Amino acid sequence: MVSSALNLTDEIIKKRFDSNHWNIYIAQASDGDNWEADSPRCQKIITKNLLPCIRYFAYVEITERQHQNLWRAYQTLQKQSPEYFSTAHIRHFNDIYPVFRQLFEKREQVQS
């Protein structure tokens, strides 16, 4: 269940890293497997708890097969917050460097 890791991430950030003093970035890599009922929980945790206090969230799905429900949930987040949330798909070893380079390329600063 991915939501348990996201909840722990939220707890650690709140306990150790004041977002007024830290630039917080999250990168999650997964094969995309998750309990179907858990993916909406993940969306909620990211939207309500994590995105308000971080600079950027990158999700990488590493699989040669079809996308799973976690990918679909995260695609919704990317559409809602493209400046703070990105997804990428790695199918082969040769995709790793280009995908991470794209995810973390320098972008124009978003004004708050």
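Let me sum up the structure you'll find in this document. (Residues numbered from 1 in each chain as written. Predicted model: local features only at pLDDT ≥ 70, side-chain atom pairs only at ≥ 80, totals over all residues. Heavy atoms only, no water.)

**Description of the nonpolar core**
Stage number 1. The biggest cluster of nonpolar side chains holds 20 residues, and the ones touching the most others in it are Leu6, Ile46, Leu50, Ile54, Phe57, Tyr74 and Phe85.
Stage number 2. At the level of elements, α1 (2-16), α2 (38-50), β2 (56-62) and α3 (69-80) are the ones that each hand at least two residues to this core.
Stage number 3. The greatest single-element share of this core, amounting to five residues, is contributed by α3.
Stage number 4. If near-sequence neighbours (up to four positions away) are discounted, Leu6 is found in contact with Gln28, Cys42, Ile45, Ile46, Leu50, Phe57 and Tyr74.
Stage number 5. In this structure, Tyr56, Ala58, Val60 and Val99 belong to the second largest nonpolar core, which totals seven residues. (Core = buried A, V, L, I, M, F, W, Y, C linked by side-chain atoms within 4.5 Å. Buried < 20%, exposed > 50% of the residue type's maximum accessible area, 1.4 Å probe, protein only. Helix = DSSP H or I, 4+ residues; strand = E, 2+ residues; numbered from the N terminus. Contact = heavy atoms within 4.5 Å.)

**What about a nonpolar patch on the surface?**
Stage number 1. Together, Phe93, Ile96, Phe100 and Phe104 line one region of the surface with nonpolar side chains, adding up to about 410 Å² of accessible area.
Stage number 2. By the element assignment, Phe93 lies in the loop between β3 (85-90) and α4 (96-103).
Stage number 3. Classification of Phe93 by relative accessible area gives exposed; the value is 69%. (Patch = residues over 30% accessible without salt bridge, like charges linked within 9 Å, V, L, I, M, F, W, Y side chains within 5 Å. Areas by Shrake-Rupley, 256 points an atom, 1.4 Å probe, with all protein chains shown as cover. Salt bridge = Lys/Arg side-chain N within 4 Å of Asp/Glu carboxyl O.)

**Details of the side chain of Ser30**
Stage number 1. The topology assignment puts Ser30 in strand β1 (residues 25-30).
Stage number 2. The buried category is assigned to Ser30, whose relative accessible area is 14%.
Stage number 3. Of the polar contacts made by the side chain of Ser30, one reaches the backbone nitrogen of Gly32; its length is 2.8 Å.
Stage number 4. Those residues in contact with Ser30 that lie beyond four places of it in its chain are Tyr59, Val60, Glu61, Ile62 and Leu70. (Polar contact = N/O pair within 3.5 Å; in protein donor to acceptor, adjacent residues only side chain to side chain.)

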